[in-house]
Amino acid sequence: MTDATGTVAALEPTRSHSVSPARLARYALWQLRDYFVDKAVPTITLILLSVYLTLVPAIVTYGRPGPSGAPRGFVEAFSLTILISILEGALLATTGIVADDRKLGYFRFYFAKPVSVQRFYAIKFGVYLTGFLLVLAFLLGVHAIAVGPYFPPLLLPIAALVFVAVGGIGFLASAVWRYDWVTLSAVVFSSTIMWGLWEKATGWRAVLVRILPPMDRLGEVVGAASGRNALHALDLWWLTGYGVVCFLLGLVVVGRRPLAKA
Amino acid sequence: MITFTSVSHTYRSLFRRVHAVEDFTLEIQAGEVFGLAGPNGAGKSTLISLMLGFMSPGRGAIRIDGVPPRAYVERSGIGFVSELMNVPPRWELRETLVRYALLAGIPSNEVKDRVDRAIELLGLAEHRGKRVKQLSKGNLQRLGIAQALLREERVLVFDEPTHGLDPVWSLRFRDIVSELRAGDRAVFIASHNLDELQRLCDRVAIIDHGRLERIIDLNAPPPVASRTSYRLTMANGHEHVAAVFPGATEGDEGAFELPPLELASLNAGLAALVGKGALVSALTPLESSLERAFREAVTEEQRV
């Protein structure tokens, strides 16, 4: 190749590059950057708003956590804040995770390259989970400095699993169509309500409610992560398993659904 | 190298069906620069999406090096320039190329060098720090071409590659395609610009309403008996033209439009003109063989 004004030199002779999956791992650093540029700021903003609405009043009312422990009212509010944060984080992270690339046509250049569509999106999901955990860890660090030392050891691992539970549904929705955030919100809210109403129902209601994710267990699971109550491992695995199945179904859809409409 | 065998594809919506491609059969050889021409909505974009494995045909089969397109792309990659330059607007130009270089499987230690050379080749050095949303249409198109050339792919697909390029860069693109000609590489160009296809391609397929109408071999000599209209420009001796070429109509600046003529009649006429002391300064066909074939193919289709 030569400069633009000179005569055109021959492009280098064709030679094959070994196409290693490791390059997608290198590209993951760009995806992590995309998370911080596109998703982290709105996630932090929404979490801080939740903190302002739930945690700050509790701190004013019940006091801060100290070396001897945290007031019960504070732990309740902390648990609620974490629950809201994970829901918001998963919703924001998975909104458009697949659908935007289709809608905006970005897939054209990504997938003319020697890239597996499924591997690309599986890594993107993992990267966004990592990004969310980094955001959460950062905010918990700020919280520990500004409010008091309160960092339950199970918080981040359980937050990761709950992110998979909720985000997996969001991923499937995004793989299927562009109305992903509406779908995820509808599933979370409707299943929370229906599980509350019909958990002990029989007949078609029992069938329907068991198709939906057990979102009514989220409060207890996140409560355990926040040190409020004991962990019911079955609830956690049911939720996470549901998310994993949805995520895998999403990958199947991604692999089968046409990327282009025309 | 690339084969389409009885390929059909139909778009279905709730209320209607559109047959985008119908019973399309074609073989593109390695070493060939192949063109695709057709009116708007003829099925060009669908064929390209099928060739890149962005969707699968409803019927028939496409193979690249013997494997389905998606499998080929995921294994080897295709250099692709899209008519629609869909790149996230906040990416910087150089960043864009680095990202695509990584996805293309270029080794880390070669990425910088490859990206810099692609920037240089497409004359984008002064824009390397600009965001995609700040680029003009032409520069965006050059970025699209640059990303397709990062790696020496064996299959290159250009969809309206000179759309938005100024004349200088349109000419430059022709040079680049000439350089891309290689024994084991197939270059596929879809364009509305018939002149461009005529200059660049070995063969051009004309499609209309999703059907392959004809394939023009541009390397084949024109049939001696074919009749073509010409534009004749005279330096002097204008007064002899009407007598030598009955039916010629005079335009401006000493130019005449000659009626359709066979080569033998044309050459005899020119000899007669020169014999009378006239000086011919230019003789050009009014339409290229491709333009003629395109017009005939599309007109025939409309008649049917």
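Residues numbered from 1 in each chain as written. Chains lettered and ligands numbered in written order. Predicted model: local features only at pLDDT ≥ 70, side-chain atom pairs only at ≥ 80, totals over all residues. Heavy atoms only, no water.

Draft legend 1. Region of interest: the layout of surface pockets. One number sums up the size of the largest pocket: a volume of about 540 Å³. Lining of the largest pocket is provided by 20 residues; of these, Arg257, Pro258, Leu259, Ala260 and Lys261 of chain A occupy positions nearest its centre. Within the residue set of the lining of the largest pocket, elements represented by two or more residues are helix H3 (99–103) and helix H4 (107–110) of chain A together with strand S1 (2–12) of chain B. Of the residues contributing to the lining of the largest pocket, the split by class is 10 nonpolar, three polar and seven charged. (1 Å grid on protein atoms, 1.4 Å probe; cavity = no way out; pocket = protein on both sides within 12 Å on 5 of 7 lines; lining within 4 Å. Points joined across faces, edges and corners; volume = space filled by probe spheres on them. Helix = DSSP H or I, 4+ residues; strand = E, 2+ residues; numbered from the N terminus. Nonpolar A, V, L, I, M, F, W, Y, C, P; charged D, E, K, R; others polar.)

Draft legend 2. Broad picture of the packing of helix H2 (residues 72–94) of chain A against helix H6 (residues 155–176) of chain A. All names here are of chain A. The N-to-C vectors of H2 and H6 enclose an angle of 35°; their axes lie 8 Å apart at closest approach. Remark: the crossing between H2 and H6 carries right-handed chirality. Counted together, Phe78, Ile82, Ile86, Leu87, Gly89, Ala90, Ala93 and Thr94 of H2 and Leu155, Ala159, Val162, Phe163, Val166, Gly167, Gly170, Phe171 and Ser174 of H6 form the full contact between these two elements. A breakdown of the residues in the contact of H2 with H6 according to their chemical character gives 12 nonpolar, five polar and no charged. (Axes fitted to C-alpha atoms, helices over the stretch in contact; angles between N-to-C directions. Left-handed = near helix turned anticlockwise from the far one by under 90°. Contact = heavy atoms within 4.5 Å.)

Draft legend 3. Local environment of the sheet that holds strand S6 (residues 155–159) of chain B. Residues and elements named next belong to chain B. Taking strand neighbours across the sheet as the criterion, the six strands line up as S5-S6-S7-S3-S8-S9 in an open arrangement whose pairing is mixed. Each edge of the sheet is formed by a strand with only one pairing partner; in this case those strands are strand S5 (79–81) and strand S9 (211–217). Mean inter-strand twist for the sheet, computed between neighbouring axes without regard to direction, equals 15°. Sitting on the sheet, helix H6 (residues 167–180) is in contact with strand S3 (33–37), S6 and strand S7 (186–190), with an inclination near 160° to S6. (Pairing = 2+ DSSP bridges.)

Draft legend 4. Looking closely at the confidence of the model for chain A. In this model, chain A carries an average pLDDT of 87, and 91% of its residues clear a pLDDT of 70 or more. Across residues 13–18 of chain A, where pLDDT falls below 50, the model places 16 contacts with residues more than four positions away in sequence or in other chains. (pLDDT = per-residue confidence, 0-100.)

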